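Spelled out, the chains give:
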Amino acid sequence: MRRVQAVILSLLLLSLSACALFPNRDPVNINVVGLEPLPSQDLEVRFAIKIRVQNPNETAIDYNGIALDLEVNGHSLASGVSDQSGSIPRFSESIVTVPVSISAFSVLRQTLGLSQTQTLDNLPYVLRGKLAGGLFGTMRFVDSGKLSLPKATAATW
């Protein structure tokens, strides 16, 4: 009986110390820095979203895939994935490009939503994603804000 208790106690201590092996990481900082058109298919529009990923941690972030979902005005607009891999060194930043698709139905849903608000100024957006890094290395991120389109200036003749 003592032997079973010793084994259980050893396993308990081992499991508690295993948690200390996983480093506490600060969340990555994400900023959208560019948008480029890509060749599209019939009922979709494709873009390459460029995001700046800042690593505020003391260890490098190694990733082997990335996924993005873009929501505008409370509705899903675009999503994309990429199997690219790389590393973002400690206290550093990198530009990552992810192709995303916008379906015709998403455009229609956004158009209907805009007809209810009647404005293109201060549209809320949320960009969600993850940098895949294996079993315990995946870093999830969220970036949100408001899209403000420039106002047209009145032409004087």
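In this report, the structure presented in the accompanying data block is examined. Bear in mind that the values here come from a model prediction, so they are computed numbers and not experimental data. (Residues numbered from 1 in each chain as written. Predicted model: local features only at pLDDT ≥ 70, side-chain atom pairs only at ≥ 80, totals over all residues. Heavy atoms only, no water.)

Some details on the pattern of salt bridges
Right, on to step 1. Summed over the entire model, instances satisfying the criterion amount to 3 salt bridges.
Right, on to step 2. One salt bridge in this structure joins lysine 50 and glutamate 36, with 3.0 Å as the shortest N-O distance. Residue lysine 50 is found in strand β2 (residues 44-55), and its partner glutamate 36 is found in strand β1 (residues 29-38); the two are separated by 14 residues along the sequence.
Right, on to step 3. Judged by its relative accessible area of 27%, lysine 50 is partly exposed.
Right, on to step 4. For glutamate 71, the salt bridge is made with arginine 128, and the minimal N-O distance between the two is 3.6 Å. Taken together, the residues span a long stretch of sequence, with glutamate 71 in strand β4 (residues 66-72) and arginine 128 in strand β8 (residues 123-131) at a distance of 57 residues.
Right, on to step 5. When its relative accessible area of 41% is taken as the criterion, arginine 128 is described as partly exposed. (Salt bridge = Lys/Arg side-chain N within 4 Å of Asp/Glu carboxyl O. Helix = DSSP H or I, 4+ residues; strand = E, 2+ residues; numbered from the N terminus. Buried < 20%, exposed > 50% of the residue type's maximum accessible area, 1.4 Å probe, protein only.)

Some thoughts on the environment of serine 40
Right, on to step 1. Here serine 40 lies in the loop between β1 and β2.
Right, on to step 2. When the C-alpha atoms of serine 40 and isoleucine 102 are compared, they prove to be 9.5 Å apart, with 62 residues separating the residues in sequence.
Right, on to step 3. Setting aside its immediate chain neighbours within four residues, serine 40 contacts Val45 and Arg46.
Right, on to step 4. Reaching out from serine 40, the side chain makes a polar contact with the backbone nitrogen of arginine 46 at a distance of 3.1 Å. (Contact = heavy atoms within 4.5 Å. Polar contact = N/O pair within 3.5 Å; in protein donor to acceptor, adjacent residues only side chain to side chain.)

What about a nonpolar patch on the surface?
Right, on to step 1. Together, Leu9, Leu12 and Leu13 make up an exposed nonpolar region whose accessible area comes to about 300 Å².
Right, on to step 2. The class of leucine 12 is partly exposed, set by a relative accessible area of 47%. (Patch = residues over 30% accessible without salt bridge, like charges linked within 9 Å, V, L, I, M, F, W, Y side chains within 5 Å. Areas by Shrake-Rupley, 256 points an atom, 1.4 Å probe, with all protein chains shown as cover.)

What about the nonpolar core?
Right, on to step 1. Ile51, Val53, Leu68 and Leu131 are the most contacted members of the largest nonpolar core, which totals 24 residues.
Right, on to step 2. Elements represented by at least two residues in this core include exactly β2, β3 (61-63), β4, β5 (75-82), β7 (92-103), β8 and β9 (139-147).
Right, on to step 3. For leucine 68, the contacting residues outside a window of four places in its chain are Ile49, Ile51, Ala78, Ser79, Gly80, Val98, Val100, Leu127, Arg128, Gly129 and Phe141. (Core = buried A, V, L, I, M, F, W, Y, C linked by side-chain atoms within 4.5 Å.)

Structural notes on the pairing of β5
Right, on to step 1. Sheet topology places β4 next to β5; 7 bridges connect them, and they run antiparallel. Within β5, the residue paired with isoleucine 66 across the bridge is serine 82. (Pairing = 2+ DSSP bridges.)

What about unusual backbone geometry?
Most of the time, phi is negative for any residue but glycine, and the peptide bond is trans.
Right, on to step 1. With a phi close to 60 degrees, asparagine 73 is a non-glycine residue in the positive phi region.
Right, on to step 2. Along the polypeptide, asparagine 73 turns up in the loop between β4 and β5.
Right, on to step 3. Assessed through its relative accessible area of 18%, asparagine 73 is described here as buried.

Points about the side chain of aspartate 143
Right, on to step 1. Here aspartate 143 is to be found in strand β9.
Right, on to step 2. One buried charged side chain, aspartate 143, makes no salt bridge at all; its nearest oppositely charged neighbour is arginine 52, positioned 11 Å away.
Right, on to step 3. Within the structure, aspartate 143 has its side chain in polar contact with the side chain of tyrosine 125 (distance 3.3 Å).
Right, on to step 4. Setting aside residues up to four positions removed in sequence, aspartate 143 forms contacts with Ile30, Asn31, Val32, Tyr125, Val126 and Leu127. (Lys, Arg positive; Asp, Glu negative; His and termini not counted.)

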